[in-house]
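Spelled out, the chains give:
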Amino acid sequence: MILPVTAYGHPILKKIANDIDKDYPDMKELIDNMYETMYVSNGVGLAAPQVNLSIRLFVVDASPFAEDVPEAKDFKRAFINPIITEESGKEWMFNEGCLSVPDIREDVLRKPKIHIQYYDENFEFHDEQYDKVMARIIQHEYDHLEGIMFVDRISNIRKILLKRRLLDITKGNIKVNYKMIFPNKKKGKR
């Protein structure tokens, strides 16, 4: 089932998400629905707060980057209760976008390597290191669990220049090809 994506400005996107346990209701179905929503929306990652759930869960599939980064080919994972324990290396700029912030892409600085601990969809524990694009996607989705959006990481000048477009997103004054929940959309307006 395709889930609606929460738009920029929605209060759930500013909350720190809560841990879940292996008995979380319908977790397998939720993960499947998140993948389906991500694919229909042309994303490479999707965090639970983006589907209006304040829980520590996100899914990623880096395969669209496989042509440039071969190890991204089979990189499809669900991350439950993740903790990034370390970020290292010299920060590098990469152009990011977000399903909750449609039609806006910005250059964001992040460290190139991470060490992360998490549970997978079978609630098996993992303690792993990632770099390159995989680290970038994980950091972006992990930020959603911490109430941080990629536009929070850009310069103040860029935020000022984007202010009107971000306001339009909160009001639903944009066109997207996937379902969204807009925090300030007036009733009856299409």
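Refer to the preceding data block for the structure.
For clarity, every value in this text was computed on a predicted model and none was experimentally measured.

Novice: Can you lay out the pattern of salt bridges for me, pointing to particular residues and giving the numbers?
Specialist: As enumerated under the stated definition, the model contains 11 salt bridges in all. A salt bridge links E96 to R110; its shortest N-O distance comes to 2.7 Å. Taken together, the positions of E96 in strand β5 (residues 92-98) and R110 in strand β6 (residues 101-110) put the pair 14 residues apart, joining distant regions of the chain. For the pair E96 and R110, one class covers both residues: buried. Three or more residues are tied together by salt bridges with common partners; here these are E96, R110, R136, D143 and R153.

Novice: How would you explain the layout of surface pockets if you had to name every residue and give the values?
Specialist: Quantified by volume, the largest pocket comes out at close to 490 Å³. Forming the walls of the largest pocket are 26 residues, and the residues nearest its centre are N42, G97, C98, L99 and R105. Looking at the lining of the largest pocket, the elements that each hand over two or more residues are β5, β6 and α2 (132-145). A per-class count over the lining of the largest pocket returns 11 nonpolar, nine polar and six charged.

Novice: Can you break down the sheet that holds strand β2 (residues 45-47) residue by residue, with the values?
Specialist: The sheet built from five strands is open, its strands ordered β2-β3-β4-β7-β8 with antiparallel pairing. Across the chains shown, the open sheet's two edge strands, defined by having one partner strand only, are β2 and β8 (125-131). Along the sheet, successive strands turn relative to each other by an average axial angle of 40°, direction set aside. Running at roughly 45° to strand β3 (residues 57-61), helix α1 (residues 27-40) makes contact with β2, β3 and β4 (76-88) of the sheet.

Novice: Tell me what's going on with α1, and back it up with residues and numbers.
Specialist: Between its first and last C-alpha atoms α1 spans 20 Å; for 14 residues at 1.5 Å apiece the expected length is 20 Å, and the two agree. For α1, the complete set of buried residues consists of M27, L30, I31, N33, M34, Y35, T37 and M38. Residues of α1 that are buried make contact with β1 (5-6), β2, β3 and β4.

Novice: Give me the lowdown on the packing of aromatic side chains, citing residues and values where you can.
Specialist: Applying the stated criterion across every chain yields a total of eight aromatic pairs. For the pair Y35 and Y39, a centre-to-centre distance of 6.1 Å together with 15° between the ring planes defines the contact as stacked. Linking Y35 with Y39, this pair stays in helix α1, spanning four residues, or about one helical turn. Here Y35 falls in the buried class, since its relative accessible area comes to 10%.

Novice: Could you give an account of the nonpolar core, naming the residues involved and the relevant values?
Specialist: Of all hydrophobic cores here, the largest spans 36 residues; its most connected members are I31, M34, L57, V59 and V101. For this core, the elements supplying multiple residues, two or more each, are α1, β3, β4, β6 and α3 (156-171). Considering each element in turn, this core owes the most residues, six residues, to α1. If sequence neighbours within four positions are ignored, M34 has contacts with L3, L46, A47, A48, V51, L57, F58 and V59. With 21 residues, the next largest nonpolar core counts V60, I114, Y118 and Y142 among its residues.

Procedures and definitions
Position numbers for residues start from 1 in each chain and track the written sequence from start to end. Totals for whole chains, interfaces and linings use all residues, but because this is a predicted model, local features are given only for residues with pLDDT of at least 70 and pairs of side-chain atoms are given and counted only at 80 or more. In computing side-chain values, all of the structure's heavy atoms are included and hydrogens and water are not. One speaks of a salt bridge when a side-chain nitrogen belonging to Lys or Arg is within 4 Å of a carboxyl oxygen belonging to Asp or Glu. Segments assigned H or I by DSSP are reported as helices when at least four residues long, segments assigned E as strands when at least two residues long, and all are numbered from the N terminus. Burial here depends on accessible area, computed with a 1.4 Å probe over protein chains only, as a share of the maximum for the residue type. Under 20% is buried, over 50% is exposed, and the range in between is partly exposed. A 1.4 Å probe that fits into a set of points on a 1 Å grid over the protein atoms alone but cannot get out defines a cavity; an open set with protein on both sides within 12 Å along at least five of seven lines defines a pocket, and lining residues are those with an atom within 4 Å of a point. Grid points are joined across faces, edges and corners, and a volume is the space filled by probe spheres set on the points. Basically, the charged four are Asp, Glu, Lys and Arg, the nonpolar ten are Ala, Val, Leu, Ile, Met, Phe, Trp, Tyr, Cys and Pro, and anything else, Gly included, counts as polar. Only strands that DSSP links by at least two bridges are regarded as paired with each other. Axis definition: a line fitted to C-alpha atoms, over the contacting stretch in the case of helices. Angles run 0 to 180 degrees between N-to-C directions. Contacts between residues were defined by any pair of non-hydrogen atoms, one from each residue, lying within 4.5 Å. By this rule the span expected of a helix is its residue count minus one, scaled by 1.5 Å. Each pair of aromatic rings taken from Phe, Tyr and Trp, with Trp reduced to its six-membered ring, is defined by centres within 6.5 Å and is described as stacked if the planes are under 30 degrees apart, edge-to-face if over 60, and tilted in the remaining cases. Definition used in this section: a nonpolar core is a set of buried Ala, Val, Leu, Ile, Met, Phe, Trp, Tyr and Cys residues joined via side-chain atoms within 4.5 Å.

Take it as geometry only, folks, not as evidence of what the structure does.
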